[in-house]
Amino acid sequence: MKNRVSVSAILNLLIIILTIFSTVSMMAGFNFMDNTTWEFSATRFESFKYFTIDSNVFAGIVSIIYLCYITHIRKKNALQAKPQHGGQNANDSLSGTINFSMPKWLIFLKLAATTSVMLTFMVTICFLAPTSSRGFFALFKNSNFFFHFVIPVLCIVSFIFFEPSQKPVRFSQTLTGIIPMFIYSLFYTINILLHLENGQLVSRYDWYGFLGGKISNVVFVLPAIYLITWIFSLVLWLGNKRFSRNSKA
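I will try to describe carefully the structure that is included in this document.

The rules behind these values
- Residues numbered from 1 in each chain as written.
- Predicted model: local features only at pLDDT ≥ 70, side-chain atom pairs only at ≥ 80, totals over all residues.
- Heavy atoms only, no water.
- 1 Å grid on protein atoms, 1.4 Å probe; cavity = no way out; pocket = protein on both sides within 12 Å on 5 of 7 lines; lining within 4 Å.
- Points joined across faces, edges and corners; volume = space filled by probe spheres on them.
- Helix = DSSP H or I, 4+ residues; strand = E, 2+ residues; numbered from the N terminus.
- Nonpolar A, V, L, I, M, F, W, Y, C, P; charged D, E, K, R; others polar.
- Axes fitted to C-alpha atoms, helices over the stretch in contact; angles between N-to-C directions.
- Parallel < 35°, antiparallel > 145°, perpendicular 65-115°, else oblique.
- Left-handed = near helix turned anticlockwise from the far one by under 90°.

### Let's talk about the layout of surface pockets
Each pocket or cavity is described by its volume, and for the largest pocket that value is around 440 Å³. As for the largest pocket, its lining consists of 26 residues, and the residues nearest its centre are L119, V123, M181, F210 and I225. Of all the secondary-structure elements, those providing two or more residues to the lining of the largest pocket are α2 (51-80), α4 (104-128), α6 (179-194) and α7 (218-243). Considering every element that reaches the lining of the largest pocket, the biggest residue donor is α4, with eight residues. Looking at the lining of the largest pocket, its residues break down into 21 nonpolar, five polar and no charged.

Right, dumping it as structure tokens:
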């Protein structure tokens, strides 16, 4: 497909629009599906205590950067390949089609953002939804329908199939996919430690329930989460390497 990066641009635009809509809706307490109590939702800036919101907003910001970069490349190539020069480059410039692939810094951002929302998606599907006291689909209502499902799927599909890299990403560099979760885990753990009561964990500060009521479990849980996150990063890296090719935007 000659225009797969153009398809990616459309997908990234959808990601931006849905992220803005979902974030504003959650912060404002707007229910557009039903009026049931939201699972893992909060209004105003309290929403950002959840990795779900943070990862999706991060993905939206990276999508903005991605679209800005594509626009920059189009303009740059249009100036370099003018009609009077003739040839294929000029024709491509006139049609708005250019040879395009992502520089390393951009694919690292994309990998980190996509890994983060993939983690959100998989944890919801495999852990949070099955253990929800309000039922599996309680985590896919209102803004969480987009945060937990639609936006992650769009990010994954776009990254694997439509976002080529200029240079191969090395195996060791897939660790960049862990960075957002690592930063969040520091906030999550420190917040729990600051709110211990008589040395015991307070459940409302372990809102994901990962520690199972015991602060000592952190030494097992954090490495497990980092490993799982890295596995998702590897899956995305392999998928992008296999299916995404240098293409035309």
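### Observations regarding empty space enclosed by the protein
Across all of its chains, the model carries one cavity of 30 Å³ or more by this definition. Around the largest cavity sit A59, V62, S63, K110, A113, T114 and C155, which together line it. For the lining of the largest cavity, the secondary-structure elements that each account for two or more residues are α2 and α4. Among the residues forming the lining of the largest cavity, the class breakdown is four nonpolar, two polar and one charged.

### Side note on the packing of helix α1 (residues 4-28) against helix α5 (residues 143-162)
At a closest axis distance of 10 Å, the pairing of α1 and α5 adopts a crossing angle of 160 degrees. What the angle tells us is that α1 and α5 run roughly antiparallel. You can see that α1 and α5 cross each other, and the crossing is left-handed. When its residues are assigned to classes, the contact of α1 with α5 shows 17 nonpolar, nine polar and one charged.

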